[in-house]
Amino acid sequence: MLIVQKYGGTSVANVGRIKAVAERVSKTAQEGHKVVVVVSAMSGETDKLIGLASQISQNPGEREMDLLLSSGERVTSALTAMAVEALGHKAMAFTGRQMGIITDAVHTKARIEKITGERAQKALDENYVIVVAGFQGITETDDVTTLGRGGSDLSAVAIASALNADLCEIYTDVDGVYTTDPNIVPEAKKLEKISYEEMLELASLGAKVLQTRSVEFAMKYGVPVVVRSSFNDNPGTLVTKEDKDMEKVVVSGVAYDKNQAKITVMAVPDTPGIAARLFRGIADANIVVDMIVQNISSDGNAADISFTVPKTDSKKTLKLAEEIAKALNAKSVNLREDIAKISVVGVGMRTHSGVASQMFDTLAKHGINIMMIGTSEIKVSCVIELKYTELAVRVLHEAFGLAQ
Ligand code: ADP
Ligand code: ASP
Ligand code: MG
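In short, a report on the structure.

Calculation rules
Residues numbered from 1 in each chain as written. Chains lettered and ligands numbered in written order. Predicted model: local features only at pLDDT ≥ 70, side-chain atom pairs only at ≥ 80, totals over all residues. Heavy atoms only, no water. Helix = DSSP H or I, 4+ residues; strand = E, 2+ residues; numbered from the N terminus. Buried < 20%, exposed > 50% of the residue type's maximum accessible area, 1.4 Å probe, protein only. Pairing = 2+ DSSP bridges. Near = heavy atom within 4 Å. Polar contact = N/O pair within 3.5 Å; in protein donor to acceptor, adjacent residues only side chain to side chain. Areas by Shrake-Rupley, 256 points an atom, 1.4 Å probe, with all protein chains shown as cover. Nonpolar A, V, L, I, M, F, W, Y, C, P; charged D, E, K, R; others polar. Salt bridge = Lys/Arg side-chain N within 4 Å of Asp/Glu carboxyl O.

### So, unusual backbone geometry
Here's step 1: Phi at Asp 142 is positive, roughly 75 degrees, even though this residue is not glycine.
Here's step 2: Looking at where Asp 142 falls in the secondary structure, it is placed in the loop between strand S7 (136–138) and strand S8 (144–146).
Here's step 3: On the basis of relative accessibility, which here comes to 42%, the residue Asp 142 falls in the partly exposed class.

Quick look at the structure:
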């Protein structure tokens, strides 16, 4: 088999852990498999690099930012290759560029367009273990890009797809996908398997165990993904196509996202084209808007439009929204960063009613106010005050009977 193994930041946090990763890779190779390893930077490294840049500039150039951030994964890829070689295997480290990971030019959140990977394929044929620096690619014009936070998951899935791997294993610090973050709710239950759709919702709603785009990619190209721990041999969670058993469960997980900010444009004239104008301007800046709520004022002539964006884009969005609001004759714009989004997810919701009302009841019972509500056929999300995040996750997890 050809197996892609991705190791996250905590799994390569120091030399000892890198050696342990090499042992696992070596064992897989000895079982007769070809192995492609994808590594993250050592845990905390990417944040450290961002911190260094912010000490130099309030608004560092995104091209240079990407060159800087890609360095963390170079370090671990080279060290991991050395560690694998020290165990008697042929090993070769590749940067994103050497791997031929071609992306668009949207710096700091680039999309993979294709993976050429010829050199890696040749090395694999010659029985090398390949170690690829995750999280990075190269544009057609030879600029280094990064794939967004948590992007090594995407590197792994995309490489697995390009090389036609039999399996993509994501090794992390928990031994699978749980009904909610096990670091917040110790009673959370590990799922044996989860559908791509549910995993995509959980990921995009904040469960960072897999990066959202990596799940999207895996679903689109049918890449079988297993999430497991690099610290033990427990069976992990298989992310796969939906099956009949899965539909029986109404709610399969609770997710939270503390990285959202809420922007409200107050008293915009209630005429056609206003929302289009506002959100076109924001989309053109490559900012992804998530929830949108519009309230018509009581006299019917003006509306308040609230929406959420990633916290990292909040200042940029505020500035844009203020400019657009002025042009639209809106009253004012405000930004709140002390919010969180809490969501319950499950494919069974398609055929069950009452999940939303049970969620609202549970939050109300604990005195948690709901600021925004969003639904799709397999999820319900509420925006609440940040300080209630952990409480909300715990009580919802319990209310939907997800505990062990
Ligand atoms: P890595 O550095 O290996 O990529 P991450 O920190 O990105 O690891 O993702 C693993 C973390 O995801 C866990 O430590 C856990 O706190 C968090 N997490 C959030 N929701 C879930 C969930 N439903 N199941 C498992 N882990 C979750
Ligand atoms: N090192 C990058 C980050 O922290 C990518 C990753 O770990 O997947 O976001
Ligand atoms: Mg991660």
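Now that the structure has been shown, the text picks up again.
### So, the pairing of strand S19 (residues 372–376)
Here's step 1: In this structure, S19 lies alongside strand S20 (residues 379–385), joined through five bridges in antiparallel fashion. Bridging from a neighbouring strand, Gly 374 pairs with Ser 381 of S20.

### Quick look at the site of ligand 2
Here's step 1: Around ligand 2, the structure places Ser 40, Thr 46, Glu 73, Phe 135, Arg 149, Gly 150, Gly 151 and Ser 152.
Here's step 2: A distance of 3.4 Å separates an oxygen atom of ligand 2 from a polar atom in the backbone of Gly 151.
Here's step 3: In this structure, Ser 152 approaches ligand 2 through a main-chain N or O atom, which is 3.0 Å from an oxygen atom.
Here's step 4: Relative to its unbound accessible area of 260 Å², ligand 2 is 86% covered by the protein chains.
Here's step 5: Grouping the amino acids of the shell around ligand 2 by side-chain chemistry returns one nonpolar, five polar and two charged.

### Focus on the pattern of salt bridges
Here's step 1: In the structure shown here, the tally under the stated rule is 21 salt bridges.
Here's step 2: In this structure, the salt-bridge partner of Arg 97 is Asp 142, at a minimum N-O distance of 3.0 Å. Of this pair, Arg 97 sits in the loop between strand S3 (91–94) and strand S4 (101–103) while Asp 142 sits in the loop between S7 and S8; the two residues are 45 residues apart in sequence, bridging distant segments of the chain.
Here's step 3: Here Lys 109 makes a salt bridge to Asp 313, at a shortest N to O gap of 3.4 Å. Of this pair, Lys 109 sits in the loop between S4 and strand S5 (112–115) while Asp 313 is found in the loop between strand S16 (302–310) and helix H11 (314–327), placing the two residues 204 residues apart along the sequence.
Here's step 4: With relative accessibility at 24%, the residue Lys 109 sits in the partly exposed group.
Here's step 5: For Asp 313, a relative accessible area of 9% corresponds to the buried category.

All quantities given are derived from atomic positions and should not be read as evidence of function.
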